[in-house]
Each structure stands twice: as structure tokens, then as C-alpha cells.
Amino acid sequence: MLAVVKEKPAPGVVIKRIPVPIPQKGEVLIKVLYSSICGTDIGIYDWNAWAASYIKPPIVIGHEVVGKVIEINSTSPTHLKKGDIVSSETHIFCNKCYQCLINNRHICENMELFGIGRNGGFAEYATIPIKTTWKNDPAIPIEAMSVQEPLGNAVHVVTKAKVTGKKVLVLGLGPTGLCAGAVAKAYGAKEVVGINRGEFRRKLAKKMGFDRVLSEIPKREYSSFDCVLEMTGNSEVFTVGLEAIRIAGVFVAFGIPKKEVILNVGKYLINKEITIKSVFGRRIWETWFQTTDLLKNKKVDLTKIITHRFKLSEFDKAMEIMKSGKAGKILLKP
Ligand SMILES: [Zn+2]
Ligand SMILES: [Zn+2]
């Protein structure tokens, strides 16, 4: 089968033919229908410090995927049958540690990552643990099924921020930021304002239903936002978000800063008495049930952020466009 392989601990990938994987006990084999490129994949492609610390090549990359179940290797009954259209939860939990036992499987202490710590979905076939296989509702558009991971992150962020009736600021309009604005609207935010330097992403945000989209926060609106969703992972933007939030507002950190963030505890935490929350991944499976509701009942239209479609063999070209900032989500078809 054709697969995108990170073959060496260096920038780039190799697109090559490798054997179809054999599902181990407790795994399914899927025929990949679509996969999509995540921001994380850029770091893996470029081989940044994070990728170098996590990934042990050779490995098939890609974790956002939708596919059809071909084979199930299990001796006990499962929630799956052959022919089901499924997606993979990237965070493979152990089901044994303290966090797993108290229903916090998304922050499992022994997490393994699909397409990062083990072979993933930029291939014609992939194996997924049965425990992290999500059976999709057939009413959802198939292309959207591949893009549920960023939507799920956004749902988790917006749910933690409690946006109903609130003025919400979304900092950074990458795919997860775009989804966060759409979800905030769906969950009854009073006003959703998106900030991004790039015009391409600002236009996408308008399509996704943001009320206002700007290149920076007007100073007169400092201390006026009930909720600030930090989706950039830029340490300077993080601080601007603390200026923008109102007294006793809720700040949710999602983007992972590459540098340390200097936090003025007196000015923001104490004088403003704000609440800072953080989000890692999606709650398993609560978030997935929420994304299903949003997609099935057309409260969010994910196909609007899919801007490009490529064949898997054109992966390098797709990555180039992804890195240009002039793309929403890019779909790959094996
Ligand atoms: Zn991802
Ligand atoms: Zn665990």
C-alpha cells in the first residue's frame, strides 16, 4: 500500500509502498477513505524540537482519518462491525492509570499517540485500537468525519469556557480556532470576535459565522471580553489575551506556546481575578457525542473549512500549501 513515512529523524517524508498492516489483538484494520493534515503534522514534517523528542522513525504519520472497517481482531464482542465508517481518537489511553479510572482518559498518564507514537493514517490502510475507534453517524458528510479532531478540540475549549450569552474572543484562526468560533456561535455566544493577521483565515472565519473578524484587538475593547480562547500558541498573543479579558472573565489556553509565557500574576490573576483554564485534546467520548450533534444537526458546517483536496501521493505539494497559511483544512485521498 502507499504510505507517507517519516523514515529518518530529519525534515521531509518519503512516500512509498509498504505492506498492509495486520491488526493485532484488540485492533481493527481500516481502509482509509480520507485523511486530513493537522498543524501537528507540519512540525513532524519539518522535524521541530517537539517532533524530535516524541517520534521514533520509521513511522507512518497522520492521525486525522476516516475509514471503513475491513477486519476486526477481537475475541470479545465490540461496538464495531465490518463496513462501519470510523474515525480514530488520536489519544490512545491505557484504561489502567488513575486518570483513566476517574474518566479522564484524554489525559491518560501512559498516553500513546496515533500517527505520532505508532503508525497512523496517511496510508491506504491503517490499524487502530478498538478502544479508540469512533463509529461515525452515517448522517454526517464523510469529508467532515475526517476533520472531527480539530472540531473536537474546539468543542472541548468552548465547553470549558461556558460561552452562552457571552462576548467571546478567539485568538488565532487556524482550523481549531475557526471551529471554536463556529461552535461558540452554535452554543449561544452573544458575540464572537476572531483575531488573525492573515487575510485568508479572516475570510474563512466570516464564512464560519464569526460576528467580527479583525487583524488585532482594538485597545478600546481591552477588558471587555467575557471569554478569551487562546488558540495561537504565541506567548505574546497570550499576554494580549490577558489584556482583552474582562475582570473575572474566563481564559482558556489551547495553543501550545513555543516559548515560556511571562505572566503578570498581580495585574491579571489577582487584580482582575480571572480564571485560566487549559484544554488538552478531547474528552473521550463526551466530546465526540457533542461533535456528532453539531455535525448531524447542521449546527456547524465543517466542509466550509476544507479548502484543498489532494491525492495522498501529492503529500509534499499539500504540505507546501498547508505551510503557506493560505489553507483551511487539506484533505488527502489515498
Ligand atoms: Zn491533529
Ligand atoms: Zn491511562
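See the structure shown above.
These figures come from a predicted structure and were not determined experimentally.

Draft legend 1. Up close: the coordination of the zinc ion (ligand 1). The coordination sphere of the zinc ion (ligand 1) contains the protein donors Cys-38 (SG), His-63 (NE2) and Glu-149 (OE), at a distance range of 2.1 to 2.3 Å. The sequence pattern describing where the donors of the zinc ion (ligand 1) fall on their chain is C-x24-H-x85-E. Highlighted residues: His-63 in the loop between strand S4 (59-60) and strand S5 (64-73) and Glu-149 in helix H5 (residues 148-161), separated in sequence by 86 residues. By relative accessible area, Glu-149 is classed as buried at 8%.

Draft legend 2. Spotlight on the coordination of the zinc ion (ligand 2). Summarising the metal site, the zinc ion (ligand 2) is bound by the protein donors Cys-94 (SG), Cys-97 (SG), Cys-100 (SG) and Cys-108 (SG), whose distances to it range over 2.3 to 2.4 Å. One can describe the site at the zinc ion (ligand 2) as tetrahedral: its four donor atoms subtend angles covering 102 to 118° at the metal. Read in sequence order, the donor residues for the zinc ion (ligand 2) give the motif C-x2-C-x2-C-x7-C. Here Cys-94 falls in the buried class, since its relative accessible area comes to 18%.

Draft legend 3. Structural view of the nonpolar core. In this structure, Val-170, Leu-229 and Leu-302 are the most contacted members of the largest nonpolar core, which totals 43 residues. Among the elements of the structure, helix H4 (142-146), H5, strand S11 (167-171), helix H6 (175-186), helix H7 (199-207), strand S14 (225-230), strand S15 (245-253) and helix H10 (286-296) are those that each provide at least two residues to this core. When residues of this core are sorted by domain, at least three fall in each of domain 1 (2-136 + 301-333) and domain 2 (154-278). Apart from the residues lying within four places of it in its own chain, the contact partners of Leu-302 are Ala-144, Val-147, Gln-148, Leu-151, Cys-179 and Leu-295. Ranked by size, the runner-up nonpolar core spans 22 residues in total, among them Val-13, Ile-55, Ile-116 and Leu-332.

Draft legend 4. View of the packing of helix H1 (residues 39-46) against helix H11 (residues 315-324). One can describe the packing of H1 onto H11 by two numbers: an axis separation of 11 Å at closest approach and a directional angle of 115°. What the angle tells us is that H1 and H11 run roughly perpendicular. Between H1 and H11 lies a crossing of left-handed hand. Together, Gly-39, Asp-41, Ile-42, Tyr-45 and Asp-46 of H1 and Phe-315, Asp-316, Met-319, Met-322 and Lys-323 of H11 make up the contact between the two elements.

Draft legend 5. View of the packing of aromatic side chains. Under the counting rule described, the total for this entry stands at eight aromatic pairs. For the pair Tyr-45 and Phe-315, a centre-to-centre distance of 6.1 Å together with 50° between the ring planes defines the contact as tilted. With a gap of 270 residues between them, Tyr-45 in helix H1 and Phe-315 in helix H11 connect regions that are remote in the sequence. By relative accessible area, Tyr-45 is classed as buried at 12%. Seen from their ring centres, Trp-134 and Trp-285 are 5.4 Å apart, and the 20° between their planes marks the pair as stacked. Note that Trp-134 is positioned in strand S10 (residues 133-135) and Trp-285 in the loop between strand S16 (275-278) and H10, a separation of 151 residues in sequence. You'll find Trp-134 and Trp-285 in the same group, each marked buried. The side chain of Lys-167 reaches across the aromatic face of Phe-225, ending 4.4 Å from its centre. Sitting over the face of the ring of Tyr-34, Lys-333 holds its NZ or CZ atom 5.0 Å from the ring centroid.

Conventions we followed
Residues numbered from 1 in each chain as written. Chains lettered and ligands numbered in written order. Predicted model: local features only at pLDDT ≥ 70, side-chain atom pairs only at ≥ 80, totals over all residues. Heavy atoms only, no water. Donors = N, O, S within 2.8 Å, 3.2 Å for Na, K, Ca; no water. Helix = DSSP H or I, 4+ residues; strand = E, 2+ residues; numbered from the N terminus. Buried < 20%, exposed > 50% of the residue type's maximum accessible area, 1.4 Å probe, protein only. Tetrahedral: all angles 85-135°; square planar, octahedral: opposite > 155°, others 65-115°. Core = buried A, V, L, I, M, F, W, Y, C linked by side-chain atoms within 4.5 Å. Domains from an automatic or database assignment. Contact = heavy atoms within 4.5 Å. Axes fitted to C-alpha atoms, helices over the stretch in contact; angles between N-to-C directions. Parallel < 35°, antiparallel > 145°, perpendicular 65-115°, else oblique. Left-handed = near helix turned anticlockwise from the far one by under 90°. Phe/Tyr/Trp six-rings, centres within 6.5 Å; stacked < 30°, edge-to-face > 60°. Lys NZ or Arg CZ within 6 Å of the ring centre and 35° of its normal.

These results come straight from atomic positions and should not be treated as a statement about function.
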